[in-house]
Amino acid sequence: MRKGLVIKSTGSWYNVLFEDRTTMPCRIVGKFRLNGKSLTNPVAVGDEVQVEKEVKEDVGNIVKILPRKNYIVRQSPRKKHYLHLIASNVDQAVVVMTIIEPMLKQGFIDRFILMAESHKVPCIVVFNKLDVYGEDEMLMANYFKKMYEDIGYPTHIVSALRGDGIDELREVMLNKTTLVSGQSGVGKSTLLNAILPELELRTFELSEASGKGQHTTTFVQMYTRDEDQSRIIDTPGIKNLSFNNLEPTDVAHNFVEFFTASKDCKFDDCSHINEPKCAVKDGLEDGSISELRYGNYLKIVAEIEDQNYWERHS
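Residues numbered from 1 in each chain as written. Predicted model: local features only at pLDDT ≥ 70, side-chain atom pairs only at ≥ 80, totals over all residues. Heavy atoms only, no water.

Participant: How should I be thinking about the overall build of the chain in this particular structure?
Facilitator: Tallying secondary structure elements over the chain gives nine helices and 13 strands in all. Residues counted as buried form 50% of the 314 residues belonging to the chain. Long-range contacts, defined as pairs at least 24 residues apart, comprise 64% of the intrachain contacts of the chain with a sequence gap of at least 6. Accessible area for the chain stands at about 15800 Å²; split by element, carbon and sulfur atoms hold 49% of it. (Helix = DSSP H or I, 4+ residues; strand = E, 2+ residues; numbered from the N terminus. Buried < 20%, exposed > 50% of the residue type's maximum accessible area, 1.4 Å probe, protein only. Contact = heavy atoms within 4.5 Å. Areas by Shrake-Rupley, 256 points an atom, 1.4 Å probe, with all protein chains shown as cover.)

Participant: Whenever I open this one, the packing of aromatic side chains confuses me. Can you help?
Facilitator: Aromatic rings in a pair are described by how distant their centres are and how their planes are angled relative to each other. If you walk through the whole model with that rule in mind, you get seven aromatic pairs. Ring geometry for Phe255 and Tyr297: centres 5.5 Å apart, planes at 65°, overall edge-to-face. Placement of Phe255 in the loop between helix 5 (248-254) and helix 6 (256-261) and of Tyr297 in helix 8 (residues 291-306) is noted, with a sequence separation of 42 residues between them. For the cation-ring pair, Arg2 lies above Phe18, with the distance from its terminal atom to the ring centre recorded as 3.9 Å. Residue placement shows Lys79 over the ring face of Tyr82; its charged tip is 5.0 Å from the ring centre. (Phe/Tyr/Trp six-rings, centres within 6.5 Å; stacked < 30°, edge-to-face > 60°. Lys NZ or Arg CZ within 6 Å of the ring centre and 35° of its normal.)

Participant: Help me understand the side chain of Ser290, please; the structure alone is not making it clear to me.
Facilitator: As for its placement among the helices and strands, Ser290 is situated in the loop between helix 7 (279-286) and helix 8. Among the polar contacts made by the side chain of Ser290, one reaches the main-chain amide nitrogen of Arg293 at a distance of 3.1 Å. Among residues more than four places away in sequence, those in contact with Ser290 are Met147 and Leu284. (Polar contact = N/O pair within 3.5 Å; in protein donor to acceptor, adjacent residues only side chain to side chain.)

Have a look at this one:
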C-alpha cells in the first residue's frame, strides 16, 4: 500500500504522484460518495489517496481517500442531480476573467466566488489581457477591482502577454495550492505559462467566427514546483455554474457583504428579497451594496428555487 497525491483526472483514470516523485496511472476500486451525494467523479485532483499496485500491470487501484481539508464542488453540467468534484485540499481559488476578448460576464465571477466561498476557500479575482484594454476597459477593470476588494476579495489586473502584474500574482501563489479556473478564451493557459514558464501549456487564439475561446485544457491537472512548494491546479474552461447543492439561505450567507449587513435586518431569516426593513436593500439605496452583485444574487436564488425540493435533494 502506498500513499500518493492525485495530480490528474481524466474521468476513469487518475495519475497519482508518490513521495519518490514517480507517478502511476490508477483506477478506483469501490464506490465513494460525498456527504451522501451522488458524484460524477468521486476522486479529485488534490486528493491524498492510498494505492495498491496491481500484480501483473504497472497500474494501481485507489482503495481509500484520506480525509480532505476542503473541496470545491459544482452541479454536474451533464447530470443535474449529480455533483462534480473539481478539486480538493486547496488553499485558494483564482477566477481568471477579461473585460474584452471575450466580453466580460460579471455574473460568472459571483457564481465562482459563491462556489468557493460555500466551501470556505479564499477567492482571488484576476482580470487578464490588460494589453488590449482601452480607456473604457481600464475604467471598468478598476471599478470591479475596487468593488471586489471592498468586500474582501484581492483583485489583480494583469497582462500575461506583456508581463504586467505577473510577479505580484506569482508571489500570491508561492507555497500554496491554488485552483485556477475561468471561462474559455480568457487566456488562462497563457497566464499560467507566464507564472510558471516551465509548464509550456498549449494556447489557442479566440475563434474569429464566434469570438469565443477554445478549450486548451481538457482535464483537471496539478502542476508542482519543488523549489517553493507551489502547486497549481488547472481546470478546463467553465461555461456556466449551477448549484443543486445549495439552498437560497446558503446563497445569502455566502454573499459575504449581505451576510455582514443581515445582522441589521428585521427578520433573522431575511431573504433580502420581499421582506420589510431589510439592511441589504437599504445598502442598495445608499450604495454600500452593489446593484450588480444583488442582481446576480436574485438570479441564482431564482434558479435554485426553480429546481423543486426533490430535484435538489435527490
